[in-house]
Amino acid sequence: MNWIIDALLVNIGADAMRPDRSKVSNAQTLLNLAVVLLKLCEPFISDEKKSALINPGFASFAEGHGGVFITTGDNAVPRLAENPVMPSEPYKPKNSFIPQCFFFTARALHLSVVSGSSYHMGILRQVNNTAWQLRQRNENAQSDPNFNHILSMQYANEVSLLAPEMIADTLRFLNLTARFLVRIDDSQLALMPEHFVDDICDLTTFISRVEPKTMQGLDLGNIFKMVVKLLSPKYAHTVRNYNLRAKLGDVLYEVYLPPNVDGSSSVPRSVSCDPLTGGQPYLLSDASAQETLAPSLLLLYGEVEHTGYYEKMSHRAHIAALLKYLWESTEHRNAFRRITQNKESFIKFANGIMNETNSLIASVMEKLPEIRRVQVQMANPQQWAALPEEQRETITSRHEENERDVERALPLCNKTLQMLGYLNTDDDIRNLFLLEEMCSRLVNMLLHVLTKLVGSKGLELKVSVCILSYSGRDLVTISISNENIPLQCLFFFSHYTGR
């Protein structure tokens, strides 16, 4: 164990965005260390009696972990809660080996698999960006040496990082970690390293995106329970990091929203369903989720405002899909009304909806006329061919960027207005929107949307929607030239101005 402690200490910088390779071990060495520790954990990963011997006090026992989980200095490992109270009782575990294996494995995974997954996503972005640049120059990617070099890096990295057995062992360990975090009391939870939760979120979403088939047959029910627990209002001050709370919501969307609901997930259905309830989705059958998840997600919708412009759009699209799924189930309807008991939380959520709608409409209204102008320009072959090649490349690049922005914004805009619509079918929730401090903002927001979409201005927004990569069904719903959104706004406007 002393060698393992030393190995973890000398690789403290391995989790940096750009690790100094002269100061840390290579990626394969760190992966091998994680694999060895995962094997040491096998006897208690699936044995609840043995895993109950994991003593949370080890994280605060400096003599035992040798500084791996130090709380001060440049190499401090952040805890879940801010300024947690250190335990006053001495560390006296019933079994000393199991806590060592567990905590050192969690740290080794953080420095190897988690760091490697971040590096791999960077390679994938580089591959896609390089391929896009080559397409802009009408060059063949297959014959480009730089592209082939990056692609070979991707394939080589996948051989070690995405080894099926290691991925399965990692997921089982993450599920054990989640069970541990759910089991311990609140004072002990506050002292746990923040990266325990962060790593669970990062790795489960990473695997669900790049290698979802490896999740088949694995029980990840404890991860769901941990997410529901930490998202609940009771733990909002424990998990204080807005980015981490947003990741918890992403896990629910990427892993536990049934694949047929939003149509984007390739995760096996068995992962999102609880075998103990006859295969019902965890989102519908879990008692804690029925109690707290709906108000938790409504609160989270407002909180992700702090995560960044593009990031919040992605998070809110995920949250909106989850909320719509929960709203349509009778199991969660009473929980939705619970947010009406907390006026401050509701105002934060409602402001998030209105800020999002105004921002999205402004972005889309700016981009759509530009898209239409270029489409008209391209539709005239003679006019388009008369432009210099460099100018055509610049226009095409800008045009594709605008299309990507609109493709990102329109679905969320539609989901946001839909959410405003179905929430207002409940009298208690609608009455909160009628509060003095809310009603005027809501009416102004709806007027802002309507003035952009109706009348002659709407003609400037009609674009060739087939370019936007949506299915036909989605186009009928979200096309900006469709009457759906203006009619929704008119309905809301007439209701709130006639209060």
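Owing to the predicted nature of the structure, the values given are computational and were not obtained by experimental measurement.

Cut-offs applied
Residues numbered from 1 in each chain as written. Predicted model: local features only at pLDDT ≥ 70, side-chain atom pairs only at ≥ 80, totals over all residues. Heavy atoms only, no water. Buried < 20%, exposed > 50% of the residue type's maximum accessible area, 1.4 Å probe, protein only. Disulfide = S-S within 2.5 Å. Helix = DSSP H or I, 4+ residues; strand = E, 2+ residues; numbered from the N terminus. Lys, Arg positive; Asp, Glu negative; His and termini not counted. Salt bridge = Lys/Arg side-chain N within 4 Å of Asp/Glu carboxyl O. Polar contact = N/O pair within 3.5 Å; in protein donor to acceptor, adjacent residues only side chain to side chain. Contact = heavy atoms within 4.5 Å. Axes fitted to C-alpha atoms, helices over the stretch in contact; angles between N-to-C directions. Left-handed = near helix turned anticlockwise from the far one by under 90°. Nonpolar A, V, L, I, M, F, W, Y, C, P; charged D, E, K, R; others polar. Expected span 1.5 Å × (residues − 1). Bend = angle between axes of the 7 residues up to and from the residue. Phe/Tyr/Trp six-rings, centres within 6.5 Å; stacked < 30°, edge-to-face > 60°. Lys NZ or Arg CZ within 6 Å of the ring centre and 35° of its normal. Core = buried A, V, L, I, M, F, W, Y, C linked by side-chain atoms within 4.5 Å. pLDDT = per-residue confidence, 0-100.

This brings us to unusual backbone geometry. Positive phi, close to 50°, is recorded for Asn83, a residue that is not glycine. In this structure Asn83 comes out as exposed when scored by relative accessible area, which is 69%.

As a further point, take the state of the cysteines. Inspection of the entire model under this criterion finds 0 disulfides. No disulfide involves Cys41; its sulfur sits 5.4 Å from that of Cys101, the nearest cysteine. Look at Cys41 and you get buried, because its relative accessible area is 0%.

What follows is about the side chain of Asp250. Secondary-structure assignment places Asp250 in helix α11 (residues 242-256). For the buried Asp250, no salt bridge is present, and the opposite-charge side chain at shortest range is Arg209, 5.1 Å distant. For Asp250, the side chain forms a polar contact with the side chain of His318, separated by 2.9 Å. Residues in contact with Asp250, not counting those within four places in the same chain, are Thr205, His315 and His318.

Quick look at the packing of helix α2 (residues 27-45) against helix α5 (residues 97-136) now. In helix packing, the relevant descriptors are the interaxial angle and the interaxial distance, both defined with respect to the helix axes. It is at 8 Å that the axes of α2 and α5 come closest, and there the two elements cross at 145°. Between α2 and α5 the crossing geometry is left-handed. Residues Leu30, Leu31, Leu33, Ala34, Leu37, Leu38, Leu40, Cys41 and Phe44 of α2 lie in contact with α5, whose contacting residues are Phe97, Ile98, Cys101, Phe102, Phe104, Thr105, Ala108, Leu109, Leu111, Ser112 and Val113. Grouping the constituent residues of the contact of α2 with α5 by class yields 18 nonpolar, 2 polar and no charged.

A separate point is the environment of Ala14. Residue placement: Ala14 occurs in the loop between α1 (2-10) and α2. The exposure class of Ala14 is buried, given its relative accessible area of 2%. Counting along the chain gives 10 residues from Ala14 to Val24, while the straight-line C-alpha distance between them is 6.1 Å. When sequence neighbours within four positions are dropped, the list of residues in contact with Ala14 reads Pro19, Val24, Leu30, Leu111 and Ser115.

Let's shift gears to the environment of Met313. Along the polypeptide, Met313 turns up in helix α16 (residues 309-327). Accessibility expressed as a relative area gives 4% for Met313, which makes it buried. With 100 residues separating them along the chain, Met313 and Cys413 place their C-alpha atoms 9.5 Å apart. Sequence-distant contacts of Met313, that is, excluding residues within four places in its chain, are made with Glu356, Leu360, Arg408, Ala409 and Leu412.

A rise of 1.5 Å per residue sets the reference length of α5, with its 40 residues, at 58 Å; its end C-alpha atoms lie 58 Å apart and thus fit the reference within 8%. The largest bend in α5 is about 40°, located at Leu109. In terms of residue burial, α5 counts as a mostly covered element, since 29 of its 40 residues are buried. Note on α5: the residue one or two positions beyond its end, Asn138, has a positive phi of about 55°.

The tally for this structure, following the rule as stated, stands at 18 aromatic pairs. Where Tyr256 meets Tyr282, the ring centres are 6.0 Å apart and the plane angle is 85°; that geometry is what we call edge-to-face. Of this pair, Tyr256 sits in helix α11 while Tyr282 sits in helix α14 (residues 282-285), placing them 26 residues apart in sequence. Relative accessible area serves as the criterion here: at 0%, Tyr256 is assigned to the buried category. What makes Tyr282 buried here is its relative accessible area of 4%. Through a chain of ring-to-ring contacts, three or more aromatic side chains come together here, namely Phe58, Phe61, Phe69, Tyr91, Phe102, Phe103, Phe104, Phe173, Phe180 and Phe196. A cation sits over an aromatic face here: Arg333 above Trp327, 4.1 Å from the ring centre.

Let us look at α16. Count 3.6 residues to each turn of an α-helix, and residues three or four apart come out pointing the same way. Look at α16: 27 Å from first C-alpha to last across 19 residues, which is about the 27 Å you get at 1.5 Å a residue. Counting buried residues in α16 gives 14 out of 19 residues, a clear majority hidden from the surface.

Moving on, we get to the nonpolar core. Ranked by internal contacts, the top residues of the largest apolar core, which has 118 residues, are Phe103, Leu181, Leu252 and Leu297. For this core, the leading source of residues is α5, giving 11 residues. Membership of the second largest hydrophobic core comes to 13 residues, among which are Val364, Val406, Ala409 and Cys413.

What follows concerns the side chain of His195. Within the secondary structure layout, His195 lies in helix α9 (residues 194-210). A polar atom in the side chain of His195 sits 3.2 Å from the side chain of Arg107. The residues contacting His195, other than those within four sequence positions of it, are Phe69, Val77, Ala106, Arg107 and His110.

A separate point is the confidence of the model for the protein. Averaged over the protein, the pLDDT score is 85; the fraction of residues at 70 or greater is 90%. Ignoring residues within four places in sequence, the model shows residues 465-494, a span with pLDDT below 50, making 54 contacts including any to other chains.

Applying the stated rule across the entire model yields 15 salt bridges. Among the salt bridges present, the one from Arg398 reaches Glu370, with a minimum N-O distance of 3.6 Å. Of this pair, Arg398 sits in helix α20 (residues 389-423) while Glu370 sits in helix α18 (residues 343-378); the two residues are 28 residues apart in sequence, bridging distant segments of the chain.

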